[in-house]
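What the coordinates show
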Amino acid sequence: MPEVTPTDAEDGVQIDLISGARMEEMASMEKVRLILDGVRDGNIVILEEGLSPNEESKLIEVTMTEISPDEFNGIEIETYPRSETADRSFLDRLMGRESTKKLTVIGPANQIQTLHKDENLISALVSRK
Amino acid sequence: MGLLTGLRDSIARVTERLFSASDPKRIGIYGPPNAGKTTLANRIARDWTGDAIGPESHVPHETRRARRKENVEIERNGRTVTIDIVDTPGVTTKVDYKEFLEHDIDEEDAVRRSREATEGVAEAMHWLREDVDGVIYVLDSTEDPFTQVNTMLIGIIESQDLPVLILANKTDLDDSNVKRIEDAFPQHRTIPLSALEGDNMDEVYDRIAEYFG
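Since this is a predicted model, take the numbers as computed values, not measurements. (Residues numbered from 1 in each chain as written. Chains lettered and ligands numbered in written order. Predicted model: local features only at pLDDT ≥ 70, side-chain atom pairs only at ≥ 80, totals over all residues.)

This brings us to the sheet that holds strand β2 (residues 67-76) of chain B. Residue and element names in this part refer to chain B. Taking strand neighbours across the sheet as the criterion, the six strands line up as β2-β3-β1-β4-β5-β6 in an open arrangement whose pairing is mixed. Since the sheet does not close on itself, it has two edges, and those belong to β2 and β6 (190-192), each with one partner. Adjacent strand axes in the sheet meet at a mean angle of 30 degrees, parallel and antiparallel pairs treated alike. Alignment of strand β1 (residues 25-30) against strand β3 (residues 79-87), held across five bridges, turns out to be parallel. Paired with Ile 27 across the strands is Ile 85, a residue of β3. (Pairing = 2+ DSSP bridges. Helix = DSSP H or I, 4+ residues; strand = E, 2+ residues; numbered from the N terminus. Axes fitted to C-alpha atoms, helices over the stretch in contact; angles between N-to-C directions.)

Take a look at the structure:
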């Protein structure tokens, strides 16, 4: 496979696809850090299995503390809308377990724009820095 | 006998105050920026206490700190429900100070407002995780409710098992569409209202008493 040169990298947008297995091993704040470090480098981060509601809440909170004028405006995040009936089985609800398996796309707010979203499709426009 | 009855009644009243009515529920008013959260908070506070909570504005992020109005006593059907209203900054995942420049705000003030807005959103998220007992989720019924912020916030509220009322605000505007909100969140009750005009506030108070009383 040909090596990517620094010039190529500057011309393109890096996309990190992170597997559910890799995220499963991590603590909540490690996940938030992994996402924000990637996004702040101008990358698009795609999570195979998304975040739990509590982790989404922490992601918003930490994002807010890192916003800085002319440097970082925050994030754009998109997931498929949560399906109430499909997401949690009766046993999951009984045990208080949250199913979070939903593909999630996160990028810098000034580089990614959602064009369309419905239950089955997310269409986004990504630009370079 | 009368003295004993009187004494028993006063003890009962004190005990009741100490153990049941002593902790008003803290109800957070949440939603995206410019949905009319402060207009609603002011309407509720003025109707039942005579005071307002904070300034209202068409400029996004006018509310940049969570503000609490304590001991708002709402009377419905002969009983009184006491709540603390927490008006929170509109939740978002991005803040660009340049958006404030479009509202005739100079750059220095815009940067300050954006910094305060980000702190306010972080504060609102913290309140939601730690410090509220119920949520009034306010949406602008002229806007598309299928946004990521709405999806995430409703998910966070549901995961905390907090009682939530969804209010479809701004029904006084021509392009208001309450059904779109009902369809977006069918698992929750949606109440139409105009906080600005005070339309349908009776139903809002009935449901607040029912959900949070």
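Read on for the rest.
A few words on helix α5 (residues 148-159) of chain B. Between its terminal C-alpha atoms α5 of chain B stretches 16 Å, which fits the 16 Å expected from 12 residues at 1.5 Å a residue. Turning to α5 of chain B, its buried residues number three or more, namely Gln 148, Asn 150, Thr 151, Met 152, Leu 153, Ile 154, Gly 155, Ile 156, Ile 157 and Glu 158 of chain B. At its buried positions, α5 of chain B is contacted by α4 (53-66) and β3 (75-79) of chain A together with β1, α4 (107-130), β4 (134-140) and β5 (164-169) of chain B. One or two steps after α5 of chain B, the chain reaches Asp 161 of chain B, where phi turns positive at roughly 55 degrees. (Expected span 1.5 Å × (residues − 1). Buried ≥ 20, exposed ≤ 12 C-beta atoms within 10 Å, placed from the backbone. Contact = placed C-beta atoms within 7 Å.)

UniProt's entry tags residues 26-170 of chain B with the feature "domain: G" (unreviewed entry), counted in the numbering of this structure. Annotated as residues 26-170 of chain B, this span is 37% helix and 26% strand, and its ends, taken at the C-alpha atoms, are 24 Å apart. (UniProt positions renumbered as here; feature names shortened; annotations may be inferred.)

Residue and element names in this part refer to chain B. Summarising burial for β4: five of the seven residues are buried, a large majority. Pairing of β4 with β5, which is carried by six bridges, proceeds in the parallel orientation. Looking at the pairing, Ile 136 lines up with Leu 165 of β5.

Our next topic: α4 of chain A. If you check α4 of chain A, its first and last C-alpha atoms are 20 Å apart, about what 14 residues at 1.5 Å a residue would give, namely 20 Å. Every buried residue belonging to α4 of chain A is among Pro 53, Glu 55, Glu 56, Ser 57, Leu 59, Ile 60, Thr 63 and Met 64 of chain A, and all of these are buried. At its buried positions, α4 of chain A is contacted by α3 (28-40) and β3 of chain A together with α4 and α5 of chain B.

Moving on: the packing of α4 of chain A against α4 of chain B. Between α4 of chain A and α4 of chain B, whose axes approach to 8 Å, the crossing angle comes to 155 degrees. Between α4 of chain A and α4 of chain B, the angle is such that the two are roughly antiparallel. For the element pair α4 of chain A and α4 of chain B, the recorded crossing hand is left-handed. In this structure, α4 of chain A uses Ser 57, Ile 60, Glu 61, Met 64 and Thr 65 of chain A to contact α4 of chain B, whose residues at the interface are Thr 118, Val 121, Ala 122, Met 125, His 126, Leu 128 and Arg 129 of chain B. Here the residues of the contact of α4 of chain A with α4 of chain B sort into six nonpolar, four polar and two charged. (Parallel < 35°, antiparallel > 145°, perpendicular 65-115°, else oblique. Left-handed = near helix turned anticlockwise from the far one by under 90°. Nonpolar A, V, L, I, M, F, W, Y, C, P; charged D, E, K, R; others polar.)

All right, on to the interface of chain B and chain A then. How big an interface is tends to be expressed through the accessible area that disappears when the partners come together. Opposite the 23 residues of chain B that make contact, chain A presents 24 residues. No other element matches α4 of chain B, which puts nine residues into the side of chain B that touches chain A. Looking at the side of chain B that touches chain A residue by residue, the class counts come to 11 nonpolar, nine polar and three charged.

In this section: unusual backbone geometry. Residue and element names in this part refer to chain B. Positive phi outside glycine occurs at Asn 71, with the angle close to 50 degrees. Relative to the helices and strands, Asn 71 resides in strand β2. Take Asn 71: there are 11 C-beta atoms within 10 Å of it, and that puts it in the exposed class. Positive phi is not limited to glycine here, since Lys 170 has a value of about 70 degrees. Tracing the sequence through the fold places Lys 170 in the loop between β5 and α6 (178-184).

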